[in-house]
Structures are given as C-alpha cells and as structure tokens.
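If you want the building blocks of each chain, they are given just below.
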Protein chains: 4
Amino acid sequence: MLEELKQKVYLANMQLPKYGLVTFTWGNVSEIDRARGLFAIKPSGIAYEELRPEDMVIVDLDGNVVEGKYRPSSDTATHAELYKAFSKIGGVVHTHSPWATSWAQAGRDIPCYGTTHADYIFGAVPCVRNLTKEELKDYEANTGKLIADHFKGKDAEAVPCVLCRNHGPFTWGKDGMDAVHNAVVLEEVAKMASRCEMINPNVSPAPQELQDKHYYRKHGSNAYYGQKTAQ
Amino acid sequence: MLEELKQKVYLANMQLPKYGLVTFTWGNVSEIDRARGLFAIKPSGIAYEELRPEDMVIVDLDGNVVEGKYRPSSDTATHAELYKAFSKIGGVVHTHSPWATSWAQAGRDIPCYGTTHADYIFGAVPCVRNLTKEELKDYEANTGKLIADHFKGKDAEAVPCVLCRNHGPFTWGKDGMDAVHNAVVLEEVAKMASRCEMINPNVSPAPQELQDKHYYRKHGSNAYYGQKTAQ
Amino acid sequence: MLEELKQKVYLANMQLPKYGLVTFTWGNVSEIDRARGLFAIKPSGIAYEELRPEDMVIVDLDGNVVEGKYRPSSDTATHAELYKAFSKIGGVVHTHSPWATSWAQAGRDIPCYGTTHADYIFGAVPCVRNLTKEELKDYEANTGKLIADHFKGKDAEAVPCVLCRNHGPFTWGKDGMDAVHNAVVLEEVAKMASRCEMINPNVSPAPQELQDKHYYRKHGSNAYYGQKTAQ
Amino acid sequence: MLEELKQKVYLANMQLPKYGLVTFTWGNVSEIDRARGLFAIKPSGIAYEELRPEDMVIVDLDGNVVEGKYRPSSDTATHAELYKAFSKIGGVVHTHSPWATSWAQAGRDIPCYGTTHADYIFGAVPCVRNLTKEELKDYEANTGKLIADHFKGKDAEAVPCVLCRNHGPFTWGKDGMDAVHNAVVLEEVAKMASRCEMINPNVSPAPQELQDKHYYRKHGSNAYYGQKTAQ
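Residues numbered from 1 in each chain as written. Chains lettered and ligands numbered in written order. Predicted model: local features only at pLDDT ≥ 70, side-chain atom pairs only at ≥ 80, totals over all residues. Heavy atoms only, no water.

**Observations concerning the overall build of chain A**
Let me state the cut-off plainly: A helix here means a DSSP run of H or I that spans at least four residues, while a strand means a run of E at least two residues long, and both kinds are numbered starting from the N terminus. All radius of gyration figures rest on C-alpha atoms, and the globule criterion is 2.2 Å times the number of residues raised to 0.38. When accessible area is computed with a 1.4 Å probe and restricted to protein chains, residues below 20% of their type maximum are described as buried, those above 50% as exposed, and intermediate ones as partly exposed. Contacts are assigned to residue pairs that have any heavy atoms within 4.5 Å of one another.
Along chain A, the regular secondary structure elements total eight helices and eight strands. Relative to the globule expectation of 17 Å for 231 residues, the C-alpha radius of gyration of chain A, 17 Å, shows essentially globular dimensions. The C-alpha extent of chain A, read off along each of the three principal axes, is 55 × 50 × 35 Å. Burial statistics for chain A: of 231 residues in total, 66% are counted as buried. Put simply, 63% of the contacts in chain A that link residues at least 6 apart link residues at least 24 apart.

Shown next, in the form of structure tokens:
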C-alpha cells in the first residue's frame, strides 16, 4: 500500500515541472495515508529528471523518517503541521512558483478579482506574517503552525492555499494531485491579479455575489460544474 | 452530419490548449448547425488530453441536451443566447485566457492602439457590466442576454469579442475555428495594449483613419489581404 | 537562380514562427536579387504550417508580380520602397512581434539602454509618425517612403530597424536571414527596454562611449567579435 | 585531461539555451584547471546548434590562446580577471539573460526580497558602475578588474553574481555547471524582484534573520538541505 502512495506522490511531484511551477528542486509534494498516520514526500534536493517513485520518503507526523534511503524535503515539518491542523486534507504542495512567490515577497494578500479565483478559492489568498527570530529556531515546524493559526476558525478547504511572507506559497487538497492542481490555480490567479492591477490601479475585488455564484457552481451540494452527478 | 459537426467542434476545442488559451478545463468552443437549430459544445469539466470527438454534446437553442452522454459546458446557456441574438455567427468560444481575463478583471474596455487590433476588431473591445444579484439567479443565460443587449444596434461581426467584467472573454466567428482565431487575436491584442500603456501611460488610441484602413484591408468588398480573390 | 532565392526566402520566413515573432500570418520576409531588380516575398495570408518554397512570389521594384500563383504579401509595396531607398540592403522583414509592436503602439523611440542594443543598433530605434489621411490612400508604398524619408542622410545599415506608429516594426539586413536576425534582436531589445523602465522609471540611456565600444566590437574594420578574421 | 575540461565546458555552455538564458550567441561559459592555470571557454560567435566539445578554446590567465582553432569569446579577458581575483571559483558565466540584463540596464542592485534569493545569494546582487572612457580602452579586462575591486574584502562565493551597468550579468561557481546554476537562479531572482516591486512599490527587503536562516540551510557546516550528509 505504501508503494502505491509513493507512486502517487511521485506522479504528483512530476506535475510541478510539467506546469512550470519549479526551477531545479524548488518544490515538493506530499500525500498522507490517514489510516496509518504516515505521509510520503519528495526527497530533499534530488533533481526532477532523476526522481523515481522508490525515492519518495515515508515520514510520520512527527517528521521521523519511517522508510527511505534519502533525507526527506527540508520542508517536511511544515507538511506535517498542516496535516495535523487540517484533518480533511490529503496532500500538500510547496513551490517557489514565480507569480505566487512575487506576491509573497510583496507581502500582500491576493484579492479576488474574478471568477477564475472564485471558482477555487473563497475570498482573498492570505499572506501570513514573517516568523519572529525566536520562531525561526524551529523554522519549518513554526511555518506550519503559523499557517494553522491563521486558519483557526476558518475553512481551510475553501481557501486551499497560503503565501508565506518573503518566502512562497503552500497549497493543499484532497490528495497530492489535487494540491498540485491548486498550486497551478494559485499561480494563474497571482499572475492575473498582478496584471489586472497594472491595467487598472484602482480596481476593486469582484462583487461578493459573483464570487459566491462561482464558488458554489463548483462546490457543495448545489454544484453543477463538471460531470459529478451526470452519467 | 452531426458527426461532422462534433468532429469540427472537437478540433476547434483542441486549438485552445495549442494556443495557450486554457489551463485545465477553463474554456469551451461550440459551433451551430443553423438549419437544424442545434449546436455542439464541449462537455463540462473533461480534460483536453482525454477529450474525443464523440464526447461533444448536442444541444438545442433552449439549452436542452439532444444527444451525448455527458453534461454540456456549464456556459452552454450563454452560447445559446449568443446564437439567438447574433444570427450570422456560427461559432462561440469562452476562455479564461490570462491577458483578456486580466482586462475583464480590471473592468476596462480595450482601446484600439494599433493595426493588429484594427485588422480584426472595429473599435474598442467592450467590457460589459456585472450582473445584478437578481440576474445572477439565471447566471449563464443572463450573461448571454447582457452581451446581446450591449450589441443591440451594433455590428457584432465587426467586433467579434467581449469581456465580461470580473470574469473573462467570449469571442465568436463564422464557425468554431474562426471563433478560436478571434480568441487568439483578442489575447494578443490584450497583451500588447497592456504593455503599450506601461511603455506610455499617456497613449491614445490609433487614429480612426488608420483603424479604418486596416479593417477594410481585410473586410468588405474592397479587401485585398490574403488570397480571397486571387488564383 | 530564382529558385534558390525562393528557397532562401522560404527558410527565412520559417524563422519567424521559430523565434516566436509571429501569430498566424502576421509577418513576412523578402530578399532581393539586386542584379535582376527582383525580390521574392511571402504570399499574403498563407499559414506558415502550409508554406512551401515554391509559394514565394517574385516581384519587381514597382511591386508587379513577375512569377508566382499567389498574391504577394499586402506589405509588398513597403518592401519595394525600402529596397529602392536603401541600396545596400538585401532583405526586409515585417512582423507584429509583441514587444516591438507595443512600443510602436506607444509611439515612442526605443532608447539605447545597454550593450545588447548597442551591439546591433547605433542609437535609438526610431518610431516614425502616422501617415496623413492623404498618404493613407497609397498606404503600403507611403509607409516605405516615410521610413526612407526618416533615414535620409542617416546610415540605415547602422540602425537596421524602425517602428511604424500604431502599427509595428520593419527590419532589414544584408539578406532575408540577416533581416530576421535583426527582428529577433529588436524584440529582445524592446522587451528589456520596457522592463528596464519598469525597474527604474528614471533610467537614462547607456553612456555614448559604451554604445560606441560595443557597436564597433561587432562592426567596421576594428571589429573583433566572432570568427571573421580568425582561422 | 583538457579534453575532459572541454567536454565539461561544452556541456555547461549547452545549458544556457536549455534554460532560456541566451538568444543567438549572447553568452559564454568557462571552467578553469587551477593546477595548470588554464581555462576552457566557448569560441566567439559560434551558434549553439553547431557547437561541439572540440570547439572549446584553451586560454591561459593572460588571455593567450594555448589550444583551439577558433578565437575565444570576446569576454575572455573578463573571465581571466575573475579567476585571478577569486581564487576559489572554478567556473564563470556571462549572459544577456533578459531579466538580469534589465536590472543591469536600470543600474540597480537587486534587493533580497525573499528566500529564493537568500538560498543562494547573501544580500543584494550588486550592480557595478560604468567604466570610464579611459577604462573602456581595455574594456574586457577592466570589466573584470572592476568586479574584482567591488568584491575586495567581501566574500565572492557568498554572492556569486554581479550586474555590469548597462551591460548584463556575470555569475560564477565551483565549476562551469555551478556557475550556470547561479545564472539561472539570478534570472529567476531578477524576475521575481521586478514583479514584486510592481505588486508592492513600497516593498522592503526580507528580514535579515530570514535571509540568514535560508542561506545557512544550504551553506556552511550546519547546512541541512539536500543529501550532502545523508545516506
């Protein structure tokens, strides 16, 4: 069963270069097996061209390596914190994708300017603050805890992404592939929001009723996008 | 005959990823058989890599599925309204292509800054208003009606495209492939208009006589671009 | 011999899509046989994917078709005027390449901000004015005459390119392939000049002595770039 | 042994077009054999598509050609100066990569806005001044000396790149391939810094403690990124 998980995580990782979200090794995908409390994640610093399914590293929720000859991604502790905080998610992605990272560097939330955004993300994409010097001592775990804090009392499935200030994005989803899907969405949304502000510096977010309309076309019991209930 | 229509609509849809106009399933093409009052359209949410000609859905002008095992595009009612309002068009395209969508999000008409634009589009590309809360209840049909209203008394063939505010572009043409052609043109025009304003924030539209010259090089009885009358 | 010319012009035309300078048929390359006073040029409106060497059209300097089953490019008269005005050039290119066209739409000369520009173009890239209503009656020929006027008393080989306001660029060179080379250079230069102004809105052109140094590294009797005198 | 060096330098040069860092021949990579005091470098003006390992030119630290039928890169004297000044580096790269060159043209240091930058470059990327008219007489060597001067008393391995005003970037590393790696990093960093300032014109550099944290995740005895100490 973990071989299957490794295979899935391998395939999800290989989507990152396919969609232009990574340069070199600047990204990683994980997926969790909730029953066992273990997740598979990309090994640290291994080039995508050389990556194989058997290279994935199995880690527990304390970040201990359970299986694998390589060190796991240096961001493993962040993934673990997100799995602990968001009980319904099954996959996590971190990249330095250029547009989302530019917003993270700019230290701004991404406003919802249109339906591309609203179709996937309910409201603005939040940009969380820098860690304090004290928090930096346990950098990766505290990054995850900071994200978890931000979402306390909020619906992390309705906003499946975050920007870490001066760093870059994390996204999540029902499995690794879905988290990658959200990473692609975020990059497109970040690109169009930036261009949109260039075209109209006084632009306002999309009307809330339009955001609602699009989000609920794709989510919830009244969704009618796609083939979910057809056939 | 409808098999031929499905094949044409399939091929036109496959141009969208080829020209970089879609991410995932964010786009759809339809083409109408005017004699039968039926059109073929992409099924909703099916990935382009998996799409086959036989997956196209046949719909009537009230949006009822006449043939096909899949649900049609969620934007089907918009396509139907456009076919009803613009009697001479044969194809409709909707995408979230990044530059056109950025203008739609910015809520601005695209001014005609040059001959690339004037060769295909007579005057500015209009950006129509948001729907009211009341209109949102029948979102897709009212989107089409709003576009039709905008063009009342205007020549929809001379301006084969529109931006829906906070949403994205629709384009049309004499068939599905021609509508895709106009979608590519619109994306190039939107990109260059944005860059042009960045290079010269005080830029004005191209002189009307130059716009006329280029439009009528390609359109009408005195057109002399291409091979139409040669050979 | 004209077969050879057609083949050369065909190959030069095929570089335009390779370098991303054209969408659809928005570009054309010609090359002249000075001894015969004839030039070969792309036919009007034929897609690059379908273009064959034998499709090139042979035209004289008055723009009359001498050989070829197709109509020549609608810009043929502009090419002819440039060949008549600039006696040392052997090839001409017109495109709507996005960055150069954005500058043309903005109606601005491209200042020389660095050595990439100075290596090929001595001083700013000029943007010539719009034609008057009267001049538009013989649009393509007058476009060429306007460019020729601009370069009267100037060295058109040292500045192998021009922007036509609200339209796009023309470039030239010792043959068709060299003119394409300059079209690629112009697009890169236009892109970097635009970004450079975004990064520093108060930027000044490169010092004249640096422009001189780079231009004469590649041009004239003291040039030492490349393998011209080696081997 | 020099055959092996030529092969390595050839492969490193071929990474430049792969990563989109060069147009035509606008770039070159060299690598030094410190024991012999010789380095291999790309020949001047030879197209990448035609380049072969045996075309690499062997040069001594005074810029004299020791072996090779071609002229070495016109930037050879700059490479030589960098090897003389920075005793621990093994490879040097020069390109006109568009984003880094745009910053060089803008005449600005690139501030460290985030961890992508901090992972590889400690502090801002410096932009060195123009050469004086006097210095331009020995242009390439003085370019190298100016860079060396800038780094006097600084750690050139911790900032493996520089922008030459109105010209473009040089990068270096432990060998040619590593210097190319840094050239790719610089281009990404330059792109994101520019976009970041567009998104937030009042942006500040990343907190120093975050820069430190990321730099030392990858460098020095406490580094824990990648597989260096694992397995």
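**Details of the interface of chain B and chain A**
Convention followed: When two components associate, each loses some accessible surface as probed by a 1.4 Å sphere; the sum of these losses over both components is called the buried area. Should a side-chain nitrogen of Lys or Arg be within 4 Å of a carboxyl oxygen of Asp or Glu, the pair is scored as a salt bridge. Here a polar contact is taken to be a pair of N or O atoms separated by no more than 3.5 Å, where protein atoms must pair a possible hydrogen donor with a possible acceptor and residues adjacent in sequence count only if both atoms sit in side chains. Side-chain classes follow a simple rule in which Ala, Val, Leu, Ile, Met, Phe, Trp, Tyr, Cys and Pro form the nonpolar group, Asp, Glu, Lys and Arg form the charged group, and the remainder, Gly included, forms the polar group.
Contact residues are listed per partner, giving 33 residues for chain B and 36 residues for chain A. Carbon and sulfur atoms supply 55% of the area buried between chain B and chain A, which totals about 3200 Å² over both sides. Where chain B packs against chain A, one counts two salt bridges. Residues Arg-217 of chain A and Glu-140 of chain B are paired through a salt bridge, measuring 2.6 Å at the closest nitrogen-oxygen approach. Where chain B packs against chain A, one counts 16 residue pairs in polar contact (both at pLDDT 80 or more). Elements represented by at least two residues in the side of chain B that touches chain A include exactly helix H3 (98-106), helix H5 (133-136), helix H6 (139-151) and helix H7 (176-199) of chain B. Of the residues in the side of chain B that touches chain A, the class split is twelve nonpolar, 13 polar and eight charged.

**Brief notes about the sheet that holds strand E5 (residues 91-95) of chain D**
Residues and elements named next belong to chain D. Spelled out, the test is: We treat two strands as partners when DSSP finds at least two bridges between them.
Strand order across the open sheet formed by eight strands is E4-E3-E2-E1-E5-E8-E7-E6, with mixed pairing between neighbours. Sheet topology places strand E4 (65-67) and strand E6 (127-128) at the edges, where each strand pairs with a single neighbour. Sheet topology note: the strand E7 (residues 161-164)/strand E8 (residues 168-173) ladder contains four bridges and is antiparallel. Bridging across to E8, Cys-164 finds its partner in Gly-168.

**Re the packing of aromatic side chains**
This is how it is decided: Stacked, tilted and edge-to-face are the three classes applied to pairs of Phe, Tyr and Trp rings, where Trp contributes its six-membered ring and a pair requires centres within 6.5 Å; stacked means planes under 30 degrees apart, edge-to-face means over 60, and tilted covers the rest. Consider the ring centre and the ring normal. A charge sits over the ring if Lys NZ or Arg CZ is within 6 Å of that centre and within 35 degrees of that normal.
Within the structure shown, the criterion is met by 40 aromatic pairs over all chains. Between Tyr-215 of chain A and Tyr-216 of chain A, the aromatic rings sit 5.5 Å apart at their centres with planes inclined by 85°, giving edge-to-face as the arrangement. You can call Tyr-215 of chain A buried: its relative accessible area is 7%. Judged by relative accessible area, which is 44%, Tyr-216 of chain A ranks as partly exposed. Look at Phe-86 of chain C and Trp-172 of chain C: their rings are 5.0 Å apart centre to centre, the planes differ by 50°, and that puts the pair in the tilted class. Pair noted here: Phe-86 of chain C is in the loop between helix H2 (76-85) and strand E5 (91-95) and Trp-172 of chain C is in strand E8 (residues 168-173), with a separation of 86 residues, a long-range link. Residues Phe-86 of chain C and Trp-172 of chain C agree in their burial class; the two are buried. Joined through ring pairs, the aromatic side chains of Tyr-19 and Tyr-120 of chain A together with Phe-24 and Trp-26 of chain B make up one cluster. The residue whose ring lies beneath Arg-195 of chain C is Trp-99 of chain D, and the NZ or CZ to ring-centre distance is 3.7 Å.

**Notes on the interface of chain D and chain C**
With 33 residues of chain D at the contact, the number on the chain C side is 36 residues. Between chain D and chain C the total buried area reaches about 3200 Å² when both faces are included, carbon and sulfur atoms providing 55% of it. Area buried by chain D at its contact with chain C is led by Phe-24, Arg-71 and Gln-105 of chain D, which between them contribute 22% of it. At the junction of chain D with chain C, the criterion picks out two salt bridges.

**So, the relation of the copies chain B and chain A**
How we decide: The copies were overlaid with a least-squares fit restricted to C-alpha atoms from residues scoring a pLDDT of at least 70 in each copy.
The operation relating chain B to chain A is a screw motion whose rotation component is 90°, with 0.0 Å of axial translation and a residual RMSD of 0.0 Å. Taken together, the rotation angle and the small translation identify this as a four-fold axis. Closest to the rotation axis within chain B is the C-alpha of Met-198 of chain B, separated from it by 5.6 Å. A different interface surface on each copy is seen, since only 3% of the contact residues of chain B are contact residues in chain A too.

**A look at the sheet that holds strand E8 (residues 168-173) of chain A**
Residue and element names in this part refer to chain A. The sheet built from eight strands is open, its strands ordered E4-E3-E2-E1-E5-E8-E7-E6 with mixed pairing. Edge positions in the sheet fall to strand E4 (65-67) and strand E6 (127-128), since each of these pairs with one other strand and no more. As judged from the two bridges shared by strand E3 (residues 57-60) and E4, these two strands associate in the antiparallel manner. Paired with Ile-58 across the two strands is Glu-67, which belongs to E4.

**With respect to the side chain of Asn-130 of chain B**
Among the secondary structure elements, Asn-130 of chain B is positioned in the loop between strand E6 (127-128) and H5. In contact with Asn-130 of chain B, not counting residues within four places along its chain, are Pro-207 and Leu-210 of chain A together with Glu-135, Arg-165 and Asn-166 of chain B.

**A look at the relation of the copies chain D and chain C**
Rotating chain D by 90° and translating it 0.0 Å along the rotation axis places it on chain C, where the RMSD comes to 0.0 Å. When the interface residues of chain D are mapped onto chain C, a mere 3% of them again lie at the interface, so each copy presents a different face.

**Comments concerning the UniProt feature "domain: Class II aldolase/adducin N-terminal" (unreviewed entry) in chain A**
Just so we agree on the cut-off: UniProt positions are given in the numbering used here, feature names are shortened, and annotations may be inferred rather than shown by experiment.
The sites that UniProt annotates as "domain: Class II aldolase/adducin N-terminal" (unreviewed entry) are residues 7-194 of chain A. As a span, residues 7-194 of chain A carries 38% helix and 19% strand, and end to end its C-alpha atoms are 36 Å apart.

**With respect to the packing of helix H3 (residues 98-106) of chain A against helix H7 (residues 176-199) of chain A**
Residues and elements named next belong to chain A. Using the following cut-off: Axis definition: a line fit to C-alpha positions, over the contact stretch in the case of helices; interaxial angles, taken between N-to-C directions, run 0 to 180 degrees. The cut-offs work like this: below 35 degrees is roughly parallel, past 145 is roughly antiparallel, 65 to 115 is roughly perpendicular, and the gaps in between are oblique. Note on convention: the crossing is left-handed when the near helix lies turned anticlockwise from the far helix by less than a right angle, right-handed when the turn is clockwise.
Remark: H3 packs on H7, axes separated minimally by 7 Å, with the N-to-C direction vectors making an angle of 60°. Compared by their axis directions, H3 and H7 come out oblique. In terms of crossing hand, the pair formed by H3 and H7 is left-handed. Contacts between H3 and H7 involve Pro-98, Trp-99, Ala-100 and Trp-103 on the former and, on the latter, Leu-186, Glu-187, Ala-190, Lys-191, Ala-193, Ser-194, Arg-195 and Glu-197. Its residues assigned to classes, the contact of H3 with H7 shows seven nonpolar, one polar and four charged.

**Regarding the pattern of salt bridges**
Tallied over the entire structure, the rule returns 56 salt bridges over all chains. Where Lys-152 of chain B meets Asp-149 of chain B, a salt bridge forms, and the shortest distance between an N and an O atom there is 3.2 Å. Under the relative-accessibility criterion, Asp-149 of chain B is labelled partly exposed at 46%. Taking the shortest distance from any N to any O, the salt bridge between Glu-31 of chain C and Lys-8 of chain C comes out at 2.8 Å. Of this pair, Glu-31 of chain C sits in strand E1 (residues 27-33) while Lys-8 of chain C sits in helix H1 (residues 2-18), and the two are 23 residues apart along the sequence.

**Quick look at the pairing of strand E2 (residues 38-41) of chain A**
Residue and element names in this part refer to chain A. Residues Leu-38 and Ala-40 line one face of E2 and the alternating positions Phe-39 and Ile-41 line the opposite face, and both faces are buried. Examined bridge by bridge, strand E1 (residues 27-33) and E2 share four bridges and lie antiparallel to one another. Bridging from a neighbouring strand, Ile-32 pairs with Phe-39 of E2. Taken together, E1 and the strand that follows it, E2, pair antiparallel across an intervening segment of four residues, in which Gly-37 is found at a positive phi of about 70°.

**Quick word on the side chain of Thr-143 of chain C**
By the secondary structure assignment, Thr-143 of chain C is in helix H6 (residues 139-151). Excluding anything up to four places from it in sequence, Thr-143 of chain C contacts Thr-78, Leu-131, Cys-164 and Phe-170 of chain C.

**A few points about H6 of chain C**
Residue and element names in this part refer to chain C. To be explicit about the condition: Each residue after the first adds 1.5 Å to the expected span of a helix.
Between its terminal C-alpha atoms H6 stretches 19 Å, which fits the 18 Å expected from 13 residues at 1.5 Å a residue. Within H6, ten of the 13 residues are buried, which leaves the element mostly enclosed by the surrounding structure. Those residues of H6 that fall on the buried side of the exposure criterion are Tyr-139, Glu-140, Ala-141, Asn-142, Thr-143, Gly-144, Leu-146, Ile-147, Ala-148 and Phe-151. Looking one or two residues beyond H6, the residue adopting positive phi is Gly-153, at roughly 80°.

**A short note on H2 of chain C**
Residues and elements named next belong to chain C. With seven of its ten residues buried, H2 lies for the most part within the structure. Here H2 has its buried residues at Thr-76, Thr-78, His-79, Ala-80, Glu-81, Leu-82 and Tyr-83. Where H2 is buried, its residues contact E1, strand E2 (38-41), strand E3 (57-60), E5, H6 and E8.

**Points about the pairing of strand E5 (residues 91-95) of chain B**
All names here are of chain B. For E5, the tally of buried residues reaches five of five residues, placing the bulk of the element in the interior. Judged from the five bridges that link them, strand E1 (residues 27-33) and E5 form a sheet pairing that is antiparallel. Looking across to E5, one finds that Glu-31 is bridged to Gly-91. Bridge count for E5 against strand E8 (residues 168-173) is four bridges, and the pairing is antiparallel. For Val-93, the partnering residue across the bridge sits in E8 and is Thr-171.

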